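Descriptive structure summary
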Amino acid sequence: MNAHKLRSRQLILFFMLVLSGFIVAAQTTKTATDAASGSKPPNIILIYADDIGYGDFSCYGMTAAQTPHIDRLAQKGLQFTSGYCSSATCTPSRYSMLTGQYAWRKRGTGILRGNAAMIIKPGTTTLPSILKKAGYKTGVVGKWHLGLGDGTRPLDWNKEIKPGPLEIGFDYAFLMPATGDRVPCVYMENHNVINLDPDDPIVVSYGKPIPGEPTGITHRDTLKMDWSRGHNNAVINGVGRIGHMKGGTSALWDDETMADEFVKQAKAFIDRNKKERFFLYFATHDIHVPRIPHPRFVGKSGMGPRGDALVQFDWCVGQLVEKIEQLGLAEETMIIVTSDNGPVLDDGYKDQAREKLGDHKPAGPLKGGKYSFFEGGTRVPFIVAWPGTINPGRSEAIVSQVDFGASFAKMTGQTLQTDAMPDSFDVLDALLGKSKIGREHVVEHARRLGLRKGNWKYIEPQPQPKTKKKPKGKPMLFHLNDDLGESTNVSGKYPKKTEEMSQMLQKIRRDGRTRP
Ligand code: NG6
Ligand code: CA
């Protein structure tokens, strides 16, 4: 063999080595993705209930009515007893879940009006943007309530509206823009209101009434469901709402068929994307007020509209599970069911939620509910099912919805940048039932902040106006093992523990982040 031939052989060998190196590297990356979960990352359906409490499903102790579809899902999956949303109301919980940042860190993330600007800036790392990066088709169907548009000018509902979900990581959106009790009472698909007649444009006002339009005050005796507080501006479909609205008659939603519509749109999204990996954020209106379920659910719970809306929610869950099973995707799909905040009875309409409650305890053994810094405000039902991968059972691990971002980044083989999702922890092993330990602590947010660490729960004293020197009121401390119902404040008995928790919460505030 001459020197030239030898050199070219050496060269070929060298290239083969380099090439095999690449193949090994590529395989390592792929296995890294797979190794995180033990198998290929699944489709994800995140079913997000509105105002459903810790005790509102039969698998979480409700006996007054049954939620068979949710129970079946829970039997196939992991049922968490310490699963949290981040705040005791809707907008901040949704903000935290999608951005991985506690909402109380950011101004303007309280309950939004129906014409508010979007509070998540395009360019922010979000739950959908993480999954989109991993190749998922991402969609949102249902309640948004995170604002729309950039706030530079008032929203014009008759034109294209941007930015919205499509600008922060979703490929598709079918929305109720704010809440069921807020105008405009129309559906949007991607950037536009649907079924709108240009000759009957939508006018929305969150200030003055619109002259000539009926309101819940002027036409109170015509209402299908009377209001108890607020909810007396525009009358849409015989129900008083928050905010004034005129026009858009052909685009108005129908309250009774809203759940059916969302299920239909969710199924269509799944059908369109069944051959690829998809993430569906399915945010129901149920069981928020006004509670006007379809007639086929009326009377089914024996607890009036609130209970009937719960039965309707259970039906929605059953529909999506069935769809996935029909497509043969059960073992490739993770389904999560959880809620945006704790339960409430009278939330502004006379719908007999209290009168017909009987013995049912919407927050189960917990104290408080929606708007509350006690456990009932933010500890919510939390079910994660992925047949074939997650072993069925119960988990006491502390997990929060704010963790979905970091956990699913891990599941799809991604590393979050340091400044992204500052409060999102990777608790994937806990979500998959491989670990009994989730996060060490979680901040609970209502009017004040609470901190749960292990089985201790601390609630800060009422913040005082800046002019006063020292905060008035007392901090609260509970030991949840002995006192899950937060009935006995033991801060006097454990002053050191109280101080330690207070310091810790102050540090969490100061640091601007909790993820290392
Ligand atoms: C309150 C509303 C309540 C509900 C809540 C938001 C009144 C009197 N109360 O201001 O009905 O809409 O806001 O709920 O108007 S949430 O689940 O979207 O946070
Ligand atoms: Ca809510």
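Source: prediction; values computed, not measured.

1. Observations concerning the sheet that holds strand β17 (residues 456-459)
Within the open sheet, the 4 strands sit side by side as β15-β16-β17-β18. Their pairing is antiparallel. Each edge of the sheet is formed by a strand with only one pairing partner; in this case those strands are β15 (441-445) and β18 (476-479). Geometrically, the sheet is characterised by an average inter-axis angle of 15° between neighbouring strands, direction not taken into account. Relative to the sheet, helix α10 (residues 495-511) contacts β15, β16 (449-453), β17 and β18, its axis offset from that of β16 by approximately 115°.

2. A few points about the coordination of the calcium ion (ligand 2)
Taken together, Asp50 (OD), Asp51 (OD), Asp340 (OD), Asp340 (OD) and Asn341 (OD1) make up the full set of protein donors to the calcium ion (ligand 2), lying 2.2 to 2.8 Å away. One way to put it: the 6 donor atoms around the calcium ion (ligand 2) meet at angles of 50 to 175°, and that makes the site irregular. Linear spacing of the donor residues for the calcium ion (ligand 2) on their chain is D-D-x288-D-N. Separated by 291 residues along the polypeptide, Asp50 in the loop between β1 (43-49) and α2 (68-76) and Asn341 in the loop between β12 (333-339) and α7 (375-378) bring together distant segments of the chain.

3. Things to note about the pattern of salt bridges
Counted under the stated rule, the structure contains 31 salt bridges. Here the residues in one salt-bridge network are Glu375, Arg379, Glu444, Lys457 and Glu486, joined through shared partners.

4. Some thoughts on the site of ligand 1
Of all residues adjacent to ligand 1, which total 19 residues, the nearest are Cys90, Asp181, Arg182, Asp347 and Lys370. Residue Asp347 places a main-chain N or O atom 2.7 Å away from an oxygen atom belonging to ligand 1. Look at ligand 1: alone it shows 450 Å² of surface, and the protein chains cover 86% of it. Residues that form the shell around ligand 1 fall into these classes: 5 nonpolar, 6 polar and 8 charged.

5. Focus on unusual backbone geometry
Put simply, Val183 and Pro184 share a cis peptide bond, and its omega is 0°. Inspection of the secondary structure puts Pro184 in the loop between β4 (172-176) and β5 (188-189). The peptide bond linking Val289 to Pro290 adopts the cis configuration, its omega dihedral lying at -10°. Relative to the assigned elements, Pro290 resides in the loop between β11 (278-283) and α6 (304-326).

6. Things to note about the environment of Gln401
Tracing the chain through its elements places Gln401 in the loop between β14 (393-400) and α8 (404-411). The exposure class of Gln401 is buried, given its relative accessible area of 1%. A sequence separation of 316 residues divides Gln401 from Cys85, and the C-alpha atoms of the two residues are 5.4 Å apart. Apart from residues no more than four positions distant in its own chain, Gln401 is found in contact with Tyr48, Tyr84, Cys85, Met97, Thr338, Ser339, Val380 and Phe382. Only 2.9 Å separates the side chain of Gln401 from the side chain of Thr338, close enough to count as a polar contact.

7. Let's talk about the packing of aromatic side chains
Between two aromatic rings, the relevant description is the distance of the centres plus the angle of the planes. A full pass over the atoms with the stated rule returns 20 aromatic pairs. When the centroid spacing of 5.6 Å and the interplanar angle of 5° are considered together, the rings of Phe404 and Phe408 count as stacked. Here Phe404 and its partner Phe408 are both found in helix α8, 4 residues apart, which amounts to about one turn of the helix. Residue classification places Phe408 among the buried residues on the basis of a relative accessible area of 1%. Taken together, a centroid distance of 5.1 Å and an interplanar angle of 70° make the contact between Trp456 and Tyr494 edge-to-face.

Cut-offs used in this document
Residues numbered from 1 in each chain as written. Chains lettered and ligands numbered in written order. Predicted model: local features only at pLDDT ≥ 70, side-chain atom pairs only at ≥ 80, totals over all residues. Heavy atoms only, no water. Pairing = 2+ DSSP bridges. Helix = DSSP H or I, 4+ residues; strand = E, 2+ residues; numbered from the N terminus. Axes fitted to C-alpha atoms, helices over the stretch in contact; angles between N-to-C directions. Contact = heavy atoms within 4.5 Å. Donors = N, O, S within 2.8 Å, 3.2 Å for Na, K, Ca; no water. Tetrahedral: all angles 85-135°; square planar, octahedral: opposite > 155°, others 65-115°. Salt bridge = Lys/Arg side-chain N within 4 Å of Asp/Glu carboxyl O. Near = heavy atom within 4 Å. Polar contact = N/O pair within 3.5 Å; in protein donor to acceptor, adjacent residues only side chain to side chain. Areas by Shrake-Rupley, 256 points an atom, 1.4 Å probe, with all protein chains shown as cover. Nonpolar A, V, L, I, M, F, W, Y, C, P; charged D, E, K, R; others polar. Buried < 20%, exposed > 50% of the residue type's maximum accessible area, 1.4 Å probe, protein only. Phe/Tyr/Trp six-rings, centres within 6.5 Å; stacked < 30°, edge-to-face > 60°.

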